[in-house]
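Commentary on secondary and tertiary structure
Given next are the chains, with one letter for each unit.
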Amino acid sequence: MEIESLKERSSHAFEDESLISPGNIGQNSHSFHESQLGSSYGEWRIWGSKHLGSAVFMSIRIVVFSNKLNLLMPFGPLAVLIHILTDHNGWVFFLTLLGITPLAERLGYATEQLAFYTGDTVGGLLNATFGNATEIIISIYALKSGMIRVVQQSLLGSILSNMLLVLGCAFFCGGIVFNKKQQVFNKAIAVLNSGLLLMAVMGLLFPAVLHFTHTEVHFGRSELALSRFSSCIMLLAYGGYLFFQLKSQKNLYKPISEGEILHEEGSDDDEGPEISKWESMIWLSILTAWIAILSQYLVDAIEGASAAWKMPVSFISVVLLPLVGNAAEHASAIMFAMKDKLDISLGVAIGSSTQISMFAIPFCVVVGWIMGRPMDLNFQLFETATLFITVLVVAFLLQALLITLKD
């Protein structure tokens, strides 16, 4: 009996040793690691998908649902639907105007967010490019349709609305809020922008004078050649202005502070980016594409809306189209003036006018040249005289304010 019990014990011990042999240990550990890796990979996929979904949701919430003006976004698809189902160009034009307005504001927001990551130089170029992207896109589609007068009048209306309406409202609202305080602004920026605007007016004035004095050698061709030559010079001058602003004398463009205490307090209020770099680039692409689509419907409906509303095309081009493209800039300039940031208000109003006159208008002339469209700088006598008087009035007003500040 004892011998049998010893045999049973030895057999049980052998079975236990075989269970914990090195081969079995390796197999068990390998299967254990496989199960662990499989579970960790599955958990990583689940976590990654959840993280990506939450990131997309946060980005959409910040860009789309953080501004009350975005409530107008559904009017864009509604305009496309009405265009497909009916022939009511008046409603299509009106709904497209409402749909483009928040897109233009969000395009400026995405550009500002991207500028946090690209630095001053590239950020300034992005602001110059996308700041008036809505006007440029609408103008390119109008050029493609042969509506040269609509292009000229819409760009002219953008300059006039920025210099008269926006700047006047900013001064007025800032004066009401700070009626017992003297608001200050940067002299260098005001003088430089006034000089650039006068240069742009000269570029627009020469083709008009050449046309109405009947002194051109080849009727129509000399005027167009002069416009294209002037446009190239204006684009080069605007490139030099960007270099001056971003590289050579960028210290001149720092906001004026009335003391070190205010400067230190203002440094604590610096805003940071709300979305990432790639999110900004993706949103820029989406918003630009959607604005381009709606702009095509907008341009196609201009003449039909003019007939339906019994409203001249010139009024639509000079008044309505600039209000849509510059609605966000109008609001921001007034808000900055009411916060005692007159430098930023001047940069928005006069800086935007400088961009349109020195970049957008010559760029449209060059694009028309490439398309084979006779887009020139002859904005007719009345429009050119209006722009010339407006620039002179604003320049004299800024000089008077500078003299008052010195006194």
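Cut-off values and rules
- Residues numbered from 1 in each chain as written.
- Predicted model: local features only at pLDDT ≥ 70, side-chain atom pairs only at ≥ 80, totals over all residues.
- Heavy atoms only, no water.
- Phe/Tyr/Trp six-rings, centres within 6.5 Å; stacked < 30°, edge-to-face > 60°.
- Helix = DSSP H or I, 4+ residues; strand = E, 2+ residues; numbered from the N terminus.
- Buried < 20%, exposed > 50% of the residue type's maximum accessible area, 1.4 Å probe, protein only.
- Lys NZ or Arg CZ within 6 Å of the ring centre and 35° of its normal.
- Arc of directions from axis to C-beta.
- Salt bridge = Lys/Arg side-chain N within 4 Å of Asp/Glu carboxyl O.
- Core = buried A, V, L, I, M, F, W, Y, C linked by side-chain atoms within 4.5 Å.
- Contact = heavy atoms within 4.5 Å.
- Axes fitted to C-alpha atoms, helices over the stretch in contact; angles between N-to-C directions.
- Parallel < 35°, antiparallel > 145°, perpendicular 65-115°, else oblique.
- Nonpolar A, V, L, I, M, F, W, Y, C, P; charged D, E, K, R; others polar.
- pLDDT = per-residue confidence, 0-100.
- Left-handed = near helix turned anticlockwise from the far one by under 90°.

Another aspect to go through is the packing of aromatic side chains. Scanning the model with the defined rule gives five aromatic pairs in all. Residues Phe93 and Trp309 carry aromatic rings whose centres are separated by 5.7 Å and whose planes lie at 75° to one another, so their mutual orientation is edge-to-face. Residue Phe93 is located in helix α4 (residues 89-130), and its partner Trp309 is located in helix α11 (residues 302-309); the two are separated by 216 residues in the primary sequence. Overall, the relative accessible area of 0% leaves Phe93 in the buried class. Looking at Trp309, the relative accessible area reads 33%, which means it is partly exposed. Chaining the aromatic ring pairs together yields one cluster made of Tyr238, Tyr241, Phe359 and Phe363. Cation over ring: Arg106 sits above Tyr109, and NZ or CZ is 4.3 Å from the ring centre.

Within helix α3 (residues 75-85), the full set of buried residues consists of Gly76, Ala79 and Val80. The arc that holds every buried residue of α3, seen down its axis, measures 100°, which confines them to one face.

Summed over the entire model, instances satisfying the criterion amount to two salt bridges. A salt bridge links Glu105 to Arg106, with the nearest nitrogen and oxygen atoms 2.7 Å apart. Each member of the pair, Glu105 together with Arg106, is buried. For Glu383, the salt bridge goes to Arg149, with nearest N and O atoms at 2.8 Å. Taken as a pair, Glu383 in helix α15 (residues 381-406) and Arg149 in helix α6 (residues 148-177) lie far apart in primary sequence, 234 residues in all.

The biggest cluster of nonpolar side chains holds 81 residues, and the ones touching the most others in it are Phe93, Ile361 and Leu387. Residue contacts for Phe93: discarding those within four places in its chain leaves Leu298, Ala301, Ile302, Ala305, Trp309, Ile316, Leu320 and Leu321.

What follows concerns the packing of α6 against helix α14 (residues 342-371). Put simply, α6 and α14 touch, their axes get as near as 10 Å, and they point 170° apart. With respect to α14, the axis of α6 lies roughly antiparallel. From α6, Val151, Leu155, Ser158, Ile159, Asn162, Met163, Val166, Leu167, Ala170 and Phe171 reach across to α14, where they touch Leu342, Ser345, Leu346, Ala349, Ile350, Ser352, Ser353, Ile356, Ser357, Ala360, Ile361 and Cys364. Broken down by class, the residue content of the contact of α6 with α14 amounts to 16 nonpolar, six polar and no charged.

Before going further, it helps to spend a moment on the confidence of the model for the chain. In the predicted model, the chain carries a mean pLDDT of 77, and 76% of its residues have values of at least 70. The secondary-structure element of the chain with the lowest mean pLDDT is helix α9 (residues 260-268), recorded at 40, while α3 shows the highest, at 92. This stretch, residues 1-38, has a pLDDT under 50; its non-local contacts, to residues over four places away or in other chains, come to three contacts.

Let us now look at the packing of α6 against helix α12 (residues 313-325). Each pair of packed helices can be summarised by the angle the axes make with each other and by the distance between the axes. Their axes nearest at 7 Å, the elements α6 and α12 cross at an angle of 50°. Comparing their axes, α12 and α6 come out oblique. For the pair α6 and α12, the sense of crossing is right-handed. Touching Val150, Gln153, Ser154, Gly157, Ser158, Ser161 and Leu165 of α6 are Val313, Ser314, Ser317, Val318, Leu321, Pro322 and Leu323, all from α12.

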